[in-house]
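# Remarks on the overall topology
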Amino acid sequence: MKTIMLITLMLPILFSAQSIQDNVSLNNDFVILLNEYRRQNGLDPVVLDDASIYRAKLQAQYCAKIKDLTHDCPAWFPDRWAENALWNGGSDARGCLEQWIESPGHNENLLLDGATKIGIYGVEGYYDGYWGYYAVLVIN
């Protein structure tokens, strides 16, 4: 059995075969956790959406390509959305959610009233000389 080892927020991490590379599990696990969090805050649940997953994938790949964390991506579609991005903040759905909850602006997106669809995607890559991953959540 392989293990995931988180050293610190900005140091490299070792990925298991089930880590961020498994975006199907990431999406399934994240929507369950997010919906529980939204329920605790009196909000309706969200569902996974292929278009949102695709947008999250484009953004995560763009961040990895330019080796920077950004909310700008030249391939965005004109649509109503909110987006959270992180680098190396936990290699699973719970780690991503916990880090976003701790950030007021990101938490506001998680608790977006009227949101119905989400997609999340992770891509491995370098940032500031360290190997890690970029995770992007798109909320419609």
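Summarised in this report is the structure supplied together with it. (Residues numbered from 1 in each chain as written. Predicted model: local features only at pLDDT ≥ 70, side-chain atom pairs only at ≥ 80, totals over all residues. Heavy atoms only, no water.)

Further remarks concern the overall build of the protein. Looking only at helices and strands, one finds 4 helices and 4 strands in the protein. The order of helices and strands in the protein, counted from the N terminus, is α-β-α-β-α-α-β-β. Of all 140 residues assigned to the protein, the portion counted as buried reaches 46%. Surface exposure of the protein reaches about 7500 Å², of which carbon and sulfur atoms provide 54%. (Helix = DSSP H or I, 4+ residues; strand = E, 2+ residues; numbered from the N terminus. Buried < 20%, exposed > 50% of the residue type's maximum accessible area, 1.4 Å probe, protein only. Areas by Shrake-Rupley, 256 points an atom, 1.4 Å probe, with all protein chains shown as cover.)

For the structure shown, the criterion picks out 1 salt bridge. With its nearest N and O atoms 2.5 Å apart, the salt bridge here joins glutamate 36 to arginine 39. Residue glutamate 36 and its partner arginine 39 are both found in helix H1 (residues 23–40); the two are separated by 3 residues, about one turn of the helix. The exposure class of glutamate 36 is partly exposed, given its relative accessible area of 34%. (Salt bridge = Lys/Arg side-chain N within 4 Å of Asp/Glu carboxyl O.)

Turning to helix H3 (residues 93–101), a few remarks are in order. Within H3, burial applies to Ala93, Gly95, Cys96, Leu97 and Trp100. Tucked inside the fold, the buried residues of H3 contact H1, strand E2 (82–87), helix H4 (104–110), strand E3 (117–127) and strand E4 (130–139). (Contact = heavy atoms within 4.5 Å.)

Once that is clear, we can look at the packing of aromatic side chains. This structure, assessed with the given rule, holds 1 aromatic pair. With 5.9 Å between their ring centres and 85 degrees between their planes, phenylalanine 30 and tryptophan 100 make a pair best called edge-to-face. Here phenylalanine 30 is found in helix H1, whereas its partner tryptophan 100 is found in helix H3, with 70 residues between them in sequence. For the pair phenylalanine 30 and tryptophan 100, one class covers both residues: buried. (Phe/Tyr/Trp six-rings, centres within 6.5 Å; stacked < 30°, edge-to-face > 60°.)

It is worth spelling out the nonpolar core at this point. Side chains that are nonpolar tend, in soluble globular proteins, to be buried together. Membership of the largest hydrophobic core comes to 21 residues, with the highest contact counts inside it found for Phe30, Leu34, Cys96, Trp100, Leu110, Ile118 and Leu137. Listed by contribution, the elements that provide at least two residues to this core are H1, E2, H3, E3 and E4. Considering every element that reaches this core, the biggest residue donor is H1, with 6 residues. Apart from the residues within four sequence positions on either side, leucine 110 is in contact with Phe30, Leu34, Tyr37, Arg38, Asn84, Leu97, Trp100, Ile101, Leu137 and Ile139. Within the second largest apolar cluster, 12 residues are counted, among which are Ala64, Trp87, Tyr121 and Val136. (Core = buried A, V, L, I, M, F, W, Y, C linked by side-chain atoms within 4.5 Å.)

Across the sheet, 4 strands lie side by side as E1-E3-E4-E2; this open sheet has mixed pairing. With one partner strand each, in any of the chains shown, strand E1 (47–48) and E2 form the two edges of the open sheet. Pairing of E1 with E3, which is carried by 2 bridges, proceeds in the parallel orientation. Within the sheet, the bridge partner assigned to valine 47 lies in E3 and is lysine 117. Against the sheet, H1 contacts E1, E3 and E4, and its axis sits at roughly 130 degrees relative to E3. (Pairing = 2+ DSSP bridges. Axes fitted to C-alpha atoms, helices over the stretch in contact; angles between N-to-C directions.)

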